[in-house]
Amino acid sequence: MSNLDDQSAIYRCKNCQTPIASRSELLSKRFLGKTGPAFMFSHARNIIAGSKQDRALMTGIYSVAGIYCSNCGEELGWKYLQAYEERQKFKEGRFIIERAKIFKEY
Ligand SMILES: [Zn+2]
């Protein structure tokens, strides 16, 4: 498997196979979601965002919105809307998707 192939891989909803994000949009695998390991993506598609809420996470307080598969409604993770701490601002607009909710397809 070449690196180029890996970059074109697609992450899909584990429940209904809808494409959610591509490997080239993956920024980090070092996040923790509600169910365990989670990935950070720069973009996500075929999702619906829930209402904005403030949430205290390990690294500070954020405004976030839950994100759901637009096809099956499965909760996938959350989107960072606003970070209150300056050094966490890079997370704004990015998506956290739980590893347990998606699978990678080449
Ligand atoms: Zn789905």
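Per chain, residue numbering runs from 1 following the sequence as it is written. Only residues with pLDDT of at least 70 get local features here, since the model is predicted, and only at 80 or more are side-chain atom pairs given and counted; chain-wide, interface and lining totals rely on the full set of residues. For the side-chain quantities, the full set of heavy atoms in the structure was used; hydrogens and water were omitted.

Caption draft 1: Main features of the pattern of salt bridges. Salt bridge, as applied in this entry: a Lys or Arg side-chain nitrogen positioned within 4 Å of an Asp or Glu carboxyl oxygen. Taken as a whole and assessed by the stated rule, the structure comprises 8 salt bridges. A salt bridge links Glu25 to Arg45; the shortest N-O distance between them is 2.8 Å. Taken together, the positions of Glu25 in the loop between β2 (19-22) and β3 (26-32) and Arg45 in the loop between β4 (37-41) and β5 (47-57) put the pair 20 residues apart, joining distant regions of the chain. Here the salt bridges do not stand alone but share partners, grouping Asp6, Arg23 and Lys104 into one network. Helix and strand assignments come from DSSP, with helices taken as H or I runs of at least 4 residues and strands as E runs of at least 2, each series counted from the N terminus.

Caption draft 2: The sheet that holds β2, seen in detail. Only strands joined by at least two bridges in the DSSP assignment are considered to pair. Across the sheet, 3 strands lie side by side as β2-β1-β9; this open sheet has antiparallel pairing. Both outer strands of the open sheet, β2 and β9 (102-105), are each paired with one neighbouring strand and no more. Strand-to-strand, the axes of this sheet are offset by a mean angle of 30°, without reference to chain direction. As judged from the 3 bridges shared by strand β1 (residues 10-13) and β2, these two strands associate in the antiparallel manner. Considered in β2, the bridge of Ile10 is made with Ser22. Here an axis means a line fitted to C-alpha atoms, over the contact stretch when the element is a helix, while the angle between two N-to-C directions is reported on a 0 to 180 degree scale.

Caption draft 3: View of the coordination of the zinc ion. For Na, K and Ca the donor cut-off is 3.2 Å, and for all other metals it is 2.8 Å, counting N, O and S atoms only; because water is absent from this set, sites may look incomplete. Protein coordination at the zinc ion: the donors are Cys13 (SG), Cys16 (SG), Cys69 (SG) and Cys72 (SG), at 2.3 to 2.4 Å from the metal. Coordination at the zinc ion is tetrahedral, judged from the 4 donor atoms that bind it and the angles of 102 to 115° they form at the metal. Here the donor residues of the zinc ion share one chain and are spaced in sequence as C-x2-C-x52-C-x2-C. Remark: Cys72 occurs in the loop between β6 (60-69) and β7 (75-83) and Cys13 occurs in strand β1; sequence separation between them is 59 residues. Any site counts as irregular unless it has four donors with all angles between 85 and 135 degrees, making it tetrahedral, or four or six donors with opposite ones more than 155 degrees apart and the rest between 65 and 115, making it square planar or octahedral.

Caption draft 4: Broad picture of the side chain of Ser63. Residue placement: Ser63 occurs in strand β6. What makes two residues a contact is simply this: any of their non-hydrogen atoms within 4.5 Å. Excluding residues that lie within four positions of it along the chain, Ser63 makes contacts with Lys52, Gln53, Asp54, Lys79, Tyr80, Leu81, Gln82 and Tyr84.

Caption draft 5: Examining the sheet that holds β5 more closely. Judged by pairing direction, the sheet is antiparallel, and its 6 strands sit side by side in the order β3-β4-β8-β7-β6-β5 without closing on themselves. One side of each edge strand has no neighbouring strand; the edge strands of this open sheet are β3 and β5. With direction set aside, neighbouring strand axes in the sheet form an average angle of 30°. Note that β5 and β6 share 9 bridges and pair antiparallel. Looking across to β6, one finds that Asp54 is bridged to Ser63.

Caption draft 6: The arrangement of the pairing of β1 in detail. Hairpin connection from β1 to β2: 5 residues lie between these consecutive antiparallel strands, with Gln17 at a positive phi of about 70°. Alignment of β1 against β9, held across 4 bridges, turns out to be antiparallel. If you follow Ile10 over to β9, its bridge partner there is Glu105.

Caption draft 7: Inspection of the side chain of Arg23 at higher detail. Locating Arg23 in the fold gives a position in the loop between β2 and β3. When residues no more than four places from it in sequence are discounted, the contact partners of Arg23 are Asp6, Gln7, Ala9 and Tyr11.

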